[in-house]
Amino acid sequence: METAAEWGADRAQIVTLTMNPALDITTSVGVVRPTDKLRCSATRYDPGGGGINVARVAQALGASVLAVFPAGGSHGGLVTSLLSDAEVPFRRIPIDAQTRESFTVNETSTGQQYRFVLPGPELTVPEQERCLDLLKIAAESARFVVASGSLPPGVRADYYQGVADICQQLGVPLILDTSGGGLQHISSGVFLLKASVRELRECVSRRLATEPEQFAAAHELIETGRAHVVVVSLGSYGALLATRHTSHRFSAIPMPSGSGVGAGDAMVAAITVALSRGWPLAKSVRFGIAAGTAKLMTPGTQVCERADVERLFDLVGEPSDVTDVGTNGIRAEA
């Protein structure tokens, strides 16, 4: 079996896994309406999928990265070609099926955005195992592994638990950002879980209408051993950070609405980059908020600019502390 040194993975601080990559297509039109032919503007193509987006942003922020993903067909070929053009290091696992497309239409008359996400290809069991094999090789020399994005059809629901097990065996922290079955079947081994309120709700199977309920759910995941740290992204409302003994609330940076495509991935990328620099958790989340905000300033899935992230980072305030009183709720510090 090949080793990490044979293909340069020993240079990667951050290794990302994308089980369901996509060819992201972005265009715009004046008005979206049914039946009529809609004459669109020029089309933009980007390599996409959670982990690939994370790798692209992390590299833009100065980290050494390696993106691991399965890809097949002409769409998969274009994804890898675009990554090569962007000089993002990657390892592609060839698959028989066609890589999916993701289609975004910006309506210029209203500023509304329409996203069409197509189903991914069905991976065979040997293809799934090859992904884990390559990840294990790459993770041996990594400081962090990021598994991000949905699982494609046919992949067992506990697949990310297998990723967590590999990371635990190697002593490499795993940062996970996923949803659905891939999230619900995590039982242990995640260092940092990034979730939206909807995804957090999927984990605990109850409504989380208030901030105390959201903090309580995050601490429940920590107390049951599923994750050591939970970051809850709240979009224009900021973010929450929960550890075993602390809870922090972060405000968002006021910003006109923009393309939200990839903002969560940018947040994960920046948090991971900051942690790889040895920054404290709270400071790392502030950097993540800055990157997610900077992503709103870019079209489609274009990578945000490092200068924008660093400028916005100075605008992210220090978090307010919250006193944890267990899974029964929290109270604000006096």
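Look up: the structure comes first, before these words.
Conventions and cut-offs
Residues numbered from 1 in each chain as written. Predicted model: local features only at pLDDT ≥ 70, side-chain atom pairs only at ≥ 80, totals over all residues. Heavy atoms only, no water. Pairing = 2+ DSSP bridges. Helix = DSSP H or I, 4+ residues; strand = E, 2+ residues; numbered from the N terminus. Axes fitted to C-alpha atoms, helices over the stretch in contact; angles between N-to-C directions. Salt bridge = Lys/Arg side-chain N within 4 Å of Asp/Glu carboxyl O. Buried < 20%, exposed > 50% of the residue type's maximum accessible area, 1.4 Å probe, protein only. Core = buried A, V, L, I, M, F, W, Y, C linked by side-chain atoms within 4.5 Å. Contact = heavy atoms within 4.5 Å. Parallel < 35°, antiparallel > 145°, perpendicular 65-115°, else oblique. Left-handed = near helix turned anticlockwise from the far one by under 90°. Nonpolar A, V, L, I, M, F, W, Y, C, P; charged D, E, K, R; others polar. 1 Å grid on protein atoms, 1.4 Å probe; cavity = no way out; pocket = protein on both sides within 12 Å on 5 of 7 lines; lining within 4 Å. Points joined across faces, edges and corners; volume = space filled by probe spheres on them.

Draft legend 1. Summary view of the sheet that holds strand β6 (residues 100-107). The four strands lie next to each other as β3-β2-β6-β7, forming an open sheet whose pairing is mixed. Looking at strand neighbours, the two that pair on one side only are β3 (44-48) and β7 (113-117), the edges of this open sheet. Adjacent strand axes in the sheet meet at a mean angle of 20 degrees when their direction is disregarded. Bridge count between strand β2 (residues 22-29) and β3: five bridges; the pairing is antiparallel. Looking at β3, one finds that D24 is bridged to D46.

Draft legend 2. The pattern of salt bridges, seen in detail. Following the criterion strictly, the structure yields 13 salt bridges and no others. Across the salt bridge formed by D158 and R156, the nearest N and O atoms sit 3.0 Å from each other. Residue classification places D158 among the partly exposed residues on the basis of a relative accessible area of 34%. The closest approach of N and O atoms between E310 and R306, which form a salt bridge, is 3.0 Å. Residue E310 and its partner R306 are located together in helix α10 (residues 306-313), separated by four residues, close to a single helical turn.

Draft legend 3. Representation of the nonpolar core. Counting 51 residues, the largest nonpolar core has V15, Y160 and V163 as its most contacted members. Broken down by element, this core gets its largest block of residues, seven residues, from helix α3 (residues 125-139). With near-sequence residues (within four places) excluded, Y160 lies in contact with L17, M19, A147, S148, G149, S150, L151, L176, T178, G182 and I186. Membership of the second largest hydrophobic core comes to 49 residues, among which are I52, L83, V229 and I253.

Draft legend 4. Inspection of the packing of α3 against helix α4 (residues 159-170) at higher detail. Orientation of α3 relative to α4, taken along the N-to-C sense of each, is 25 degrees, at an axis distance of 10 Å. The angle between the axes of α3 and α4 places the two elements in the roughly parallel class. Taken as a pair, α3 and α4 cross one another with a handedness that is right-handed. Judged by residue contacts, Q128, C131, L132, L135, K136 and A139 of α3 engage Y159, V163, I166, Q169 and L170 from α4. Residue classes in the contact of α3 with α4 are distributed as eight nonpolar, two polar and one charged.

Draft legend 5. Molecular detail of empty space enclosed by the protein. Counted according to the given criterion, the structure contains one cavity of 30 Å³ or more. In this structure, the largest cavity encloses a volume near 50 Å³. Considering the residues around the largest cavity, the lining is formed by N53, R56, V57, V261, G262, K295, T301, Q302 and V303. Per-element tally for the lining of the largest cavity: the top contributor is helix α1 (residues 50-60), with three residues. Residue composition of the lining of the largest cavity, by class: three nonpolar, four polar and two charged.

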